[in-house]
Amino acid sequence: MKAELGGAAVLVTGAASGIGAAVARQAARSGAGALALVDRDGPGCRRMADELAAFCRTEAIEADLAQSGQARDAAARALDRLGRLDGLVNAAGLTTRGSVIEGSAGTWDALLAVNARAPFLLMSALLAHLRARGAPGAIVNILSMHAHGGAPDLGPYAASKAALLALTRNVAHAHLRDRIRANGINLGWVATEAEHRMQAETLGQGEDWAERAAARLPLGRLIAPEEVARLVVFLLSDASVPLTGAIIDLEQWIAGAPPP
């Protein structure tokens, strides 16, 4: 069964690159009627909008989701420009390292602001809009395998994703009768531009880090953003109805099992 979006209008955050960009491309090619692409990288967001304009209506919205006012404004601008929204993908996120001992209050605040508060505000806006229309809708939140507990150097990050996981299920439960579905994806190691910068530059692993990491993985490679995007579009589409409140692990190991 091919997932089709049937002309739906969808807001995608983090859409200038990585998983958000892959989701935007997959949505455009899967029958989305309109896309609101949100990212703090304004030029990158506009390039993505131009790339996808041949498939559907696209609107680029520059916003720093670390600022609560800009998160609210992004939703308002999307609704104003598109006239309606039927779906939301919260793909924007920070992966700043820091353990519970070494992480600062600033690290905690930044991670919670982007990874949990911004999705909360965007979901709130979408839910109010859909309920006012009496229309169904779908939300997909990009979570992390670290929400299960996380690596020692990702304490605040793991907490931010665990918060969004709980909120995803809360929304799913609260809006069952509104026909608004909310699901999440716990991502593992994905080969994105941001991950390359983190591993090669920030963590000093060198340009060949991906090849060395891949050699230890069951598939012999990292997960591709396009694989994530296909699952996201399925969860947005009517093909996944009535699935809601589901948290899907997309990784090369099973939580609770011995490492591969």
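Scroll up to find the structure.
Residues numbered from 1 in each chain as written. Predicted model: local features only at pLDDT ≥ 70, side-chain atom pairs only at ≥ 80, totals over all residues. Heavy atoms only, no water.

**Student:** How should the pairing of strand 4 (residues 87-90) be read in this particular structure?
**Tutor:** Regular strands place side chains that alternate from one sheet face to the opposite one. Across the two faces of strand 4 the burial is the same, with G87 and V89 and L88 and N90 all buried. Pairing of strand 1 (residues 9-13) with strand 4, which is carried by three bridges, proceeds in the parallel orientation. Bridge assignment links L11 to a residue of strand 4, and that residue is L88. The parallel pair strand 4 and strand 5 (residues 137-144), bridged by helix 4 (residues 105-133), forms a crossover whose chirality is right-handed. (Buried < 20%, exposed > 50% of the residue type's maximum accessible area, 1.4 Å probe, protein only. Helix = DSSP H or I, 4+ residues; strand = E, 2+ residues; numbered from the N terminus. Pairing = 2+ DSSP bridges. Right-handed = clockwise from strand over helix to strand, strands pointing away.)

**Student:** How should the packing of helix 1 (residues 18-29) against helix 2 (residues 42-52) be read in this particular structure?
**Tutor:** Any two packed helices are characterised by the angle at which their axes cross and by the distance between the axes. Where helix 1 meets helix 2, the closest approach of the two axes is 10 Å, and the angle between their N-to-C directions is 20°. In terms of orientation, helix 1 and helix 2 fall into the roughly parallel class. The way helix 1 lies across helix 2 gives a crossing that is right-handed. Where helix 1 abuts helix 2, its residues A21, A24, R25, A28 and R29 lie against M48, E51 and L52. Its residues assigned to classes, the contact of helix 1 with helix 2 shows five nonpolar, no polar and three charged. (Axes fitted to C-alpha atoms, helices over the stretch in contact; angles between N-to-C directions. Parallel < 35°, antiparallel > 145°, perpendicular 65-115°, else oblique. Left-handed = near helix turned anticlockwise from the far one by under 90°. Contact = heavy atoms within 4.5 Å. Nonpolar A, V, L, I, M, F, W, Y, C, P; charged D, E, K, R; others polar.)

**Student:** Is there a simple way to think about empty space enclosed by the protein in this case?
**Tutor:** Left-over empty space is what a probe sized like a water molecule reveals as it rolls over the atoms. Here the structure, examined in full by the defined rule, presents one cavity of 30 Å³ or more. By volume, the largest cavity is sized at about 50 Å³. In this structure, the largest cavity is lined by L11, A75, L79, L85, L88, L122, A125 and L126. Secondary structure elements with two or more residues in the lining of the largest cavity: helix 3 (68-82) and helix 4. Ranked by the residues each element gives to the lining of the largest cavity, the list is headed by helix 4, at three residues. When its residues are assigned to classes, the lining of the largest cavity shows eight nonpolar, no polar and no charged. (1 Å grid on protein atoms, 1.4 Å probe; cavity = no way out; pocket = protein on both sides within 12 Å on 5 of 7 lines; lining within 4 Å. Points joined across faces, edges and corners; volume = space filled by probe spheres on them.)

**Student:** Explain helix 5 (residues 155-174) here, please?
**Tutor:** Side chains three or four residues apart in an α-helix point the same way, a direct result of the helix having 3.6 residues per turn. Compared with an ideal rise of 1.5 Å per residue, which puts 20 residues at 28 Å, helix 5 spans 29 Å between its outermost C-alpha atoms and is within 8% of the ideal. Within helix 5, the full set of buried residues consists of G155, P156, Y157, A158, S160, K161, L164, L165, T168, V171 and A172. For helix 5, the secondary structure elements touched by its buried residues are helix 4, strand 5, strand 6 (180-187) and strand 7 (247-250). (Expected span 1.5 Å × (residues − 1).)

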